[in-house]
Amino acid sequence: MESIQFYLLDITYKIVANKPHIYLFGRTINNKQVCVVDDGFLPYFYVLLKNDDDAEKFAEKIEKIKIEEGKDIAEVIKTEVVEKNYLGRPRKAIRVYTNAPSCVPLVRKVIKDWIVVESTNEYDIPFVRRYLLDKRITPLTILEARGDFISARSKVPVFSAKEITQFSTDSIKKPRILAFDIETYNPLGRRFLADKHPIIMLAFYADDFKKVITWKRFETDESSIEFVDGEADLIMRFKEVIEHYKPDIITGYFSDGFDFPYIIERAKKYGINLDVGLDYSVIKSKKGRTRIIRVAGIVHIDVFKFVNKILGRALETDNYTLSAVSTELLDDTKEDVNLDRMAEVWDKNPDGLEEYCRYNLKDAKLTHDLCIKIFPNIEELVKICLLYTSPSPRDLS
């Protein structure tokens, strides 16, 4: 058995062989990407009875619960009777473990209305957050894992952990941040139709890397401009750059709402698999009140969303465009071009595209610089949210 220290950057879980596995992605203190797997943590919730003296007997009854829904089976793996404080009083609580996080609400639904049950508690804590709280570990800081490296399908080495603990509260000093921005064909002006209008440019920017990829050729001396043969090749290069650069963080401005969804839609047109996750998973797009994009193993930061939801009230501007926010926070602004003419220039005057490439790259640079500017705020917010999203007073402690 060996040990490694790593900065925790991303965390998720999967069900493997009917058992939840926690995946912790990060960068070791030796600056190598790694995926640490913990298969020893089970989802659970608590049950309080009206009469604490019935706890042991009732726990045996709960262990027999098994629910079949189609091909899925939800069951209680085990129970424990533990001493907890509830509303300021010591109580006996039954900790009920299930076979998967999605099974917690199913098992709870069976139990909650039984006449002997006073309450069910801590059933709504997301599984990954439950893990972080129970392990007392904080993202973006150094963890220590004890175990062994294993062979697994992954873009980074995989370490199977028998034990994971907080090693240090030191935060990652200089994460690898890669910003990106797209420009799309826009014959309708500021109206974009992802099912019809192609991506014509895609820019990347990092401390040691800058690139604009486009597929209409013109004479240029700009070394940062790269030409490909079509939109499909541009999307493939998008994948290749991310894989080659190995970012800890990928960032955009309104990338949850525009850039990533647009790339996903255009990739579907060509049958391109956007498997840029470090576990070869595709980019995930989740719709709720707002759309959320996830890339397994890589932190995605939508700078616009952070400014809009968190930082905006502290700004003088009430206009959260990239130009306005960059002017206030960076004392820098976008390139001045006529975007309404971009489709016309693309169609009729390719030699005029260089200024749009500069515009595209500057947007990526501003996004990158803003991400660096706000990153300390994000670090502190992560720590505060974890600290203050522990079980509420109505729950157990």
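Everything numeric in this text was worked out from a predicted model, so none of it was measured.

**Student:** Can you walk me through the pattern of salt bridges in this structure?
**Tutor:** Between side chains of opposite charge, a pair can form as their charged atoms come close. Per the counting criterion, the structure on display carries 24 salt bridges. Notably, a salt bridge pairs R130 with D134, separated by 2.9 Å at the nearest N-O pair. Placement of both R130 and D134 in helix 3 (residues 127–135) is noted, with a separation of four residues, approximately one turn of the helix. By relative accessible area, D134 is classed as partly exposed at 33%.

**Student:** How should I be thinking about the packing of helix 4 (residues 231–245) against helix 5 (residues 255–270) in this particular structure?
**Tutor:** Each pair of packed helices gets described by two things: the angle between the helix axes and the distance between those axes. Two elements in contact, helix 4 and helix 5, have axes whose closest approach is 10 Å; the angle formed by their N-to-C orientations is 125°. The angle between helix 4 and helix 5 places the two elements in the oblique class. The handedness of the crossing between helix 4 and helix 5 comes out as left-handed. Contacts between helix 4 and helix 5 involve E231, A232, I235 and F238 from the former and F260, I263, R266, A267 and Y270 from the latter. Its residues placed into classes, the contact of helix 4 with helix 5 shows seven nonpolar, no polar and two charged.

**Student:** Explanation requested: the side chain of S171 in the structure shown.
**Tutor:** On the secondary structure map, S171 appears in strand 10 (residues 158–171). Within the structure, the side chain of S171 is placed 3.1 Å from the side chain of E379, a separation counted as a polar contact. Setting aside residues no more than four positions away along its own chain, S171 makes contact with Y7, L140, T141, E379 and K383.

**Student:** Sorry if this is basic, but what is going on with a negative patch on the surface here?
**Tutor:** Together, E219, D221, E222 and D351 make up a region of like negative charge exposed at the surface. Within the secondary structure, E222 is located in the loop between strand 13 (209–214) and strand 14 (225–227). With relative accessibility at 33%, the residue E222 sits in the partly exposed group.

**Student:** What should I look at first to understand the sheet that holds strand 4 (residues 44–49) in this one?
**Tutor:** Strands belonging to one sheet form pairs held by backbone hydrogen bonds; the direction of such a pair is parallel or antiparallel. The antiparallel open sheet is built from five strands, whose spatial order is 5-6-7-4-8. Because the sheet does not close on itself, it has two edges, and the strands there are strand 5 (66–69) and strand 8 (117–121). Sheet twist, expressed as the average angle between the axes of neighbouring strands with direction ignored, equals 30°. Relative to the sheet, helix 1 (residues 55–62) contacts strand 4, strand 6 (72–86), strand 7 (89–98) and strand 8, its axis offset from that of strand 7 by approximately 15°. Against the sheet, helix 2 (residues 104–111) touches strand 4, strand 5, strand 6, strand 7 and strand 8, its axis set at about 10° to strand 4.

**Student:** Can you walk me through the environment of S119 in this structure?
**Tutor:** Assignment of secondary structure puts S119 in strand 8. The exposure class assigned to S119 is buried, which follows from its relative accessible area of 13%. Between the C-alpha atoms of S119 and A93, which are 26 residues apart in sequence, the distance is 10.0 Å. When sequence neighbours within four positions are dropped, the list of residues in contact with S119 reads Y46, V47, L48 and Y86.

**Student:** I would appreciate a short explanation of the sheet that holds strand 3 (residues 33–38) in the present structure.
**Tutor:** Judged by pairing direction, the barrel is mixed, and its five strands sit side by side in the order 1-2-3-10-9 before closing back on the first. With direction set aside, neighbouring strand axes in the sheet form an average angle of 45°. Across 10 bridges, strand 9 (residues 141–150) lies against strand 10 in antiparallel orientation. Of the residues in strand 10, the one forming a bridge with L143 is Q166. Across the sheet, helix 3 lies against strand 1 (2–16), strand 2 (19–28), strand 3 and strand 10, angled at about 150° from strand 1, the strand it touches most.

**Student:** Can you help me understand the nonpolar core in this one?
**Tutor:** A general tendency of soluble globular proteins is for nonpolar side chains to be buried together. Ranked by size, the top nonpolar core spans 35 residues in total, and within it F204, F238, F260, I263, L274 and I283 carry the most contacts. The dominant element in this core, judged by the number of residues it contributes, is helix 4, at six residues. Not counting the four nearest positions on each side in its chain, F238 is found in contact with F180, L202, F204, F260, I263 and I283. In terms of nonpolar packing, the next biggest core, distinct from the first, is built from 27 residues, L24, L42, Y86 and I164 among them.

**Student:** For this particular structure, what's the right way to read the packing of aromatic side chains?
**Tutor:** Between two aromatic rings, the relevant description is the distance of the centres plus the angle of the planes. For the coordinates displayed, the defined rule picks out 18 aromatic pairs. Ring centres of F41 and F127 lie 5.6 Å apart, and the angle between their planes is 35°; on these two criteria the pair is classed as tilted. Of this pair, F41 sits in the loop between strand 3 and strand 4 while F127 sits in helix 3; the two residues are 86 residues apart in sequence, bridging distant segments of the chain. Just as F41 is buried, F127 falls in that class too. Ring geometry for F41 and Y131: centres 5.1 Å apart, planes at 85°, overall edge-to-face. Placement of F41 in the loop between strand 3 and strand 4 and of Y131 in helix 3 is noted, with a sequence separation of 90 residues between them.

About the thresholds
Residues numbered from 1 in each chain as written. Predicted model: local features only at pLDDT ≥ 70, side-chain atom pairs only at ≥ 80, totals over all residues. Heavy atoms only, no water. Salt bridge = Lys/Arg side-chain N within 4 Å of Asp/Glu carboxyl O. Helix = DSSP H or I, 4+ residues; strand = E, 2+ residues; numbered from the N terminus. Buried < 20%, exposed > 50% of the residue type's maximum accessible area, 1.4 Å probe, protein only. Axes fitted to C-alpha atoms, helices over the stretch in contact; angles between N-to-C directions. Parallel < 35°, antiparallel > 145°, perpendicular 65-115°, else oblique. Left-handed = near helix turned anticlockwise from the far one by under 90°. Contact = heavy atoms within 4.5 Å. Nonpolar A, V, L, I, M, F, W, Y, C, P; charged D, E, K, R; others polar. Polar contact = N/O pair within 3.5 Å; in protein donor to acceptor, adjacent residues only side chain to side chain. Patch = residues over 30% accessible without salt bridge, like charges linked within 9 Å, V, L, I, M, F, W, Y side chains within 5 Å. Areas by Shrake-Rupley, 256 points an atom, 1.4 Å probe, with all protein chains shown as cover. Lys, Arg positive; Asp, Glu negative; His and termini not counted. Charge placed at Lys NZ, Arg CZ, Asp CG, Glu CD. Pairing = 2+ DSSP bridges. Core = buried A, V, L, I, M, F, W, Y, C linked by side-chain atoms within 4.5 Å. Phe/Tyr/Trp six-rings, centres within 6.5 Å; stacked < 30°, edge-to-face > 60°.

The analysis is restricted to geometry; functional conclusions fall outside its scope.
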